[in-house]
Amino acid sequence: SPAPSMATAPTTAPSSSSSTAAISAQTPTTTFTATSSSPSTFPFPPHHTFPPFFTLQPNSSTRRTQLQLWTALILAYCRHTRTFRLAPIDAQDWPLFHNATLRRRLALRDIREVLSFMASTEGGGRAEWVSDAGKKAECWVYWRRPEEWAGLLEGWVDATGQRGAVLTLYELVEGDACRGQEWAGMDVELLQKCLQVLVKKGKAGIFGEEQPGVKFF
Amino acid sequence: MFLRQIDLTTALRPSLSPEETLLFVQDAVGLYEGKFKLPNCQYGHAYLTSHRVCYVDNTEPRKYSVGIDLKDVDRPEFFARFLKSSPKISFHPKANKRQSLSLRPPGPAAVPSGSSVSSSPIQGSPLRSYAASPAPPTARNATWICPICSFSNPVPENFDPAIANAHTPLPSCLACGIKPPLVHVIKASLSGIANRGPSLEPKTQSSSTALGSGVNHSDTFIPRLGEVSPEPRGSAFQCPRCTFQNHPSLLACEICGAPLITAADRRLDLDTARPRDDSPGPSLNGLHSTGDTLEVIKLSFRAGGEKIFYERLKGALLQRKWLLQSAPPIPKPTLADASTPNPSASSDGVSPGPAQRQTLGIASLERRGLEQRKNNELVIGNAFEDLEALMTSAKEIIALAESFANQNPSLSSSSTTNPSDAEANALLSQSASALGLVTTKDMLGSGSASENLYISELSRNLAEFLTDDTKGVLKREGGIISLVDLWALFNRARGGVELVSPRDFERAAQLWEKLGLPVRLRRFKSGLLAVQGSDRTDEKTTATVLAWFKEFHLEPPGGYAVIDDEGFEIKSRVPWDWRLYGRGVTAQETAERFGWSVGVATEELEMCEERGALCREQGIDGVKWWENWLVGPSVGDEPELDRIVRNLASTGV
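Just so it is clear, the structure is predicted and the values come from calculations on it, not from any experiment. Per-chain numbering applies: the sequence of each chain, read as written, is numbered from 1 onward. Chain labels run from A onward and ligand labels from 1 onward, assigned in the order the entries are written. Residue-level local features of this predicted model are given only where pLDDT is at least 70; pairs of side-chain atoms are given and counted only at 80 or more, and the full residue set underlies all totals for whole chains, interfaces and linings. To get the side-chain values, take all heavy atoms of the structure and skip hydrogens and water.

Asks: What should I look at first to understand the sheet that holds strand β5 (residues 139-141) of chain A in this one?
Replies: Backbone-to-backbone hydrogen bonds pair the strands of a sheet. The strands run either parallel or antiparallel. Residue and element names in this part refer to chain A. Spatial ordering of the open sheet is given by β1-β5-β4, a layout of 3 strands whose pairing is antiparallel. Each of the sheet's edge strands pairs with one partner strand only, and the pair in question is β1 (85-86) and β4 (127-129). One requirement defines pairing of two strands: DSSP has to find at least two bridges between them. Only DSSP runs of H or I reaching four residues or more are called helices, and only runs of E reaching two or more are called strands; each is numbered from the N terminus. In this sheet, β5 lies alongside β4 in antiparallel orientation, the contact comprising 3 bridges. Residue pairing for β5: Trp-129 is matched across the bridge by Cys-139. Contacts between helix α5 (residues 108-119) and the sheet are confined to β1, β4 and β5, with β4 contributing the most and set at about 110° to the helix. Any two residues whose heavy atoms approach within 4.5 Å at even a single point are treated as in contact. Orientation is described by axes fitted as lines to C-alpha atoms, over the contacting stretch for helices, and by angles from 0 to 180 degrees between their N-to-C directions.

Asks: Where do I start with unusual backbone geometry in this structure?
Replies: Phi is mostly negative for residues that are not glycine, and the peptide bonds are mostly trans. Even without being a glycine, Arg-82 of chain A presents a positive backbone phi close to 55°. With respect to the helices and strands, the residue Arg-82 of chain A is situated in the loop between α3 (60-81) and β1. Throughout, exposure labels follow a simple rule: accessible area from a 1.4 Å probe, protein chains only, divided by the maximum for the residue type, with under 20% read as buried, over 50% as exposed, and the rest as partly exposed. The exposure class assigned to Arg-82 of chain A is buried, which follows from its relative accessible area of 11%. Of note in this structure, Ser-150 of chain B is not a glycine but carries a positive phi near 55°. By the secondary structure assignment, Ser-150 of chain B is in the loop between β9 (143-145) and β10 (152-154). Residue Ser-150 of chain B is classed as exposed on the basis of its relative accessible area of 55%.

Asks: Would you mind going over the confidence of the model for chain A with me for this structure?
Replies: Where the model shows low pLDDT, its predicted coordinates should not be examined in detail. Residue and element names in this part refer to chain A. Here chain A averages 76 in pLDDT, and 82% of its residues register 70 or above. pLDDT measures the predictor's confidence residue by residue and takes values from 0 up to 100. The lowest-confidence element of chain A is helix α2 (residues 19-30), averaging 38 in pLDDT; the highest-confidence one is α3, averaging 89. Confidence drops under a pLDDT of 50 for residues 1-35, and excluding neighbours within four residues, the segment shows 34 contacts in the predicted structure.

Asks: What is the right way to read the side chain of Asn-153 of chain B from this model?
Replies: Residues and elements named next belong to chain B. Its place among the elements puts Asn-153 in strand β10. What makes Asn-153 buried here is its relative accessible area of 1%. Under the rule applied, a polar contact is a pair of N or O atoms within 3.5 Å (in protein, one hydrogen donor and one hydrogen acceptor; residues adjacent in sequence only if both atoms are side-chain atoms). Among the polar contacts made by the side chain of Asn-153, one reaches the main-chain carbonyl oxygen of Phe-151 at a distance of 3.3 Å. Excluding anything up to four places from it in sequence, Asn-153 contacts Ala-142, Thr-143, Trp-144, Cys-146, Cys-173, Leu-174 and Ala-175.

Asks: How should I be thinking about the nonpolar core in this particular structure?
Replies: The tendency in soluble globular proteins is for nonpolar side chains to be buried as a group. The biggest cluster of nonpolar side chains holds 63 residues, and the ones touching the most others in it are Trp-70, Ile-74, Val-141 and Leu-172 of chain A. For this core, the element with the most residues is α3 of chain A, which contributes 9 residues. In this view, Ile-74 of chain A contacts Leu-86, Leu-96, Phe-97, Val-114, Met-118 and Val-141 of chain A; residues no more than four positions away in its chain are not counted. Counting residues in hydrophobic clusters, the runner-up holds 36 residues, among them Leu-462, Leu-486, Phe-490 and Ala-493 of chain B. Within this scheme, the nonpolar core is defined by two criteria: the residues are buried Ala, Val, Leu, Ile, Met, Phe, Trp, Tyr or Cys, and they are joined through side-chain atoms within 4.5 Å.

Asks: How do you make sense of helix α21 (residues 587-594) of chain B when you look at a structure like this?
Replies: Spacing of three or four residues puts side chains on the same side of an α-helix, whose turn is 3.6 residues. All names here are of chain B. Among all positions of α21, only Ala-587, Thr-590, Ala-591 and Phe-594 are buried. Taken around the axis of α21, the buried residues stretch over an arc of 100°, which confines them to a single face. Looking one or two places after α21, you find Gly-595, whose phi comes out positive at around 80°. This arc describes the spread of directions from the helix axis toward the C-beta atoms.

Asks: So what exactly am I meant to see when it comes to the pairing of strand β5 (residues 52-57) of chain B here?
Replies: Across a regular strand the side chains alternate sides, sitting on one face of the sheet and then on the other. All names here are of chain B. Most of β5 is tucked away: 6 of the 6 residues are buried. The alternating pattern of β5 places Arg-52, Cys-54 and Val-56 and Val-53, Tyr-55 and Asp-57 on opposite faces, both of which are buried. In the sheet, strand β4 (residues 44-49) pairs with β5 via 5 bridges, with the strands oriented antiparallel. The residue of β5 that forms the bridge with Ala-46 is Tyr-55.

Asks: I tried to follow the pattern of salt bridges on my own but got confused; where do I start?
Replies: Note on pairing: side chains with opposite charge can pair once their charged atoms come close. A pairing counts as a salt bridge when a side-chain nitrogen of Lys or Arg comes within 4 Å of a carboxyl oxygen of Asp or Glu. Overall, the coordinates contain 22 salt bridges over all chains when judged by the stated rule. The shortest N-O distance in the salt bridge between Glu-627 of chain B and Lys-550 of chain B comes to 3.5 Å. Taken together, the positions of Glu-627 of chain B in strand β18 (residues 622-627) and Lys-550 of chain B in helix α19 (residues 538-550) put the pair 77 residues apart, joining distant regions of the chain. One network of salt bridges, with partners in common, ties together Arg-85, Glu-138, Asp-187 and Glu-189 of chain A.

Structure representation (structure tokens):
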């Protein structure tokens, strides 16, 4: 029965409006497949159909709640669609920020506001602006933090007994062996960030310029 | 004469009868009956109208406001300021037929309170009831000479030298207001008794012992328990300027007039702690004289204004406007009676003039109208010939003016063609009621406080205007009106008699809370000032608005078959879950619903948003307000379906 799987997957919260579709939509997302799930299967929460959700509230306490809701929604959505990087100017047309049935959208300025909130400590540090002299054109969305990724990578390396072997980064991301893994399809840059964490801890080493590779100690 | 309880308006001013006009207002007055101060009636406003003199207390206006009808006043008398006593105007009553009022029998509590061992320092005049005290008849006719001004005051009737001690309250001198030493009064009363007869000799023995004990007390005559006054009591007080040894209770030095500060402190205490005792026996509020003698009523003016008051009072007594109330209307000069038939023409009945007068028909209607017009012409002609005559026909003229104003509302208003507005304007422009509301600046006395008095009176006028149910200003505006709108309405209502400047208006509005009136001024976040009743708080408004929002959950916005307000051609409903969220409202809709103006509605909605009850939505068509479901129960990780399925699972389905 779908009940226990529902309990384990916090992201698969069905919305009350599309009730019948939601239950069937749950099953593909409970297992983390390599294929990125399409946005149309993402179960949006009920407040996504609440028009004031798309207007940044002037009242400070209401605004804080609103930003928290947006944070949770963005993270869930990115996890679902396996998006690691988000550019506001491109993202404003996603179903995430633009509800076509409601004909409401979150303005570009407000998207940046939300992402800045996510990047702050108050928002949990779940985003990071790609450093391009403060222009805020693009940001990383950490639905898993680099530290968490690092842990996962290490776990996988241990599980497959590849300690001491040298792997290229490309292999990690696109290789056959990693097809079923969460980090498949990750940006190389992000992967490098995650590996840096390991390097700092002394558990891995990166070398090579053209074809960067990593060795886990 | 009788002091009557008077009715007060909502703004705590005396409510005037239709023909009564307000002549003068003065604050800081006190009320006396006979020689004694009336309790609780020492700080208030005096209102002089054409029919009455009213006193409205400051501290408890509803309980202690009284008035005297001018028709009961025989003559007024004016006493100028002397030393410490303020200027007074006294009203001598007309001798009336109420001699049949019997003397009240002495009540059980007839012990002079002077000797009662009450812990509170009650000083003041002795009891008004001249009931026999258990002591032998005291010196009714004894007088004591004031040591300061040598005015001879009567010894109070129930003053018993036998039992008088330091705690006996003593009356102050009537002329200069300074209390005598106890010894002095005892001596005077004893001499009075001695003059009356030898039968009281044995009493004097005992009284002398009392005296003896009394003398040992310092000649302080302020028996205040537990009060420590720093300066020497028994000795004289040295003036700081000229070093003259003054009497301790004087306010200003006798020689040079320098103010003696510490004595002033004591005087203040004296004033506040000098209430009259309630007379025993059932009297209405303890205010009326229950004896058979009608006492002279006095008004004491502590802040000036007595001269003008006196002048206006004399004028009002002269004019005797109260007689007009029952006066019959002025007999109109009868038209030359053409109804006496000419003997030559009547017999034939060719054109019987008088007979035709009685028939119905358009001719008689026309004739009636003609007579009416002739009548009006006569009335107006008579009235305007002589301004004095105008005042007497004022009643009729005003009625005429009102009827004209009601017939032609468009004449009085300027721009509106809306029938309800025209009616409103007609109501507002009725001059008769407007005149009654006006307190013009020349009605108030001179003095440093006149400006404040004007503002406070204006503030009361405003409160009355707002809470007047016949006009229903606040009700028509949904309970709240912006200050600017109110200023416009109020000035129009005054009919151009005396307009109020915006600054005065605002100052008057700010006094409402201080005066405890039932309306209050409210400042919104954006700086808009609005006026509403004191019983409407933010919580109440928020609750009302939310209750209105709840209705939206019950029916789909726009109905089923209609294109909804989004413009979607959705068959049944709007894209959001209206059962859960209701719908959004604009400020316009809110204004219509509650009868507010749009500016006020916006402010109220923003106030609700501040409190977290509402949230806003910015769309292409403007701002709409919704119930705040962002922080509401429908948001979270546990939507209803989840919960339901979980519950079902737990029960084993």
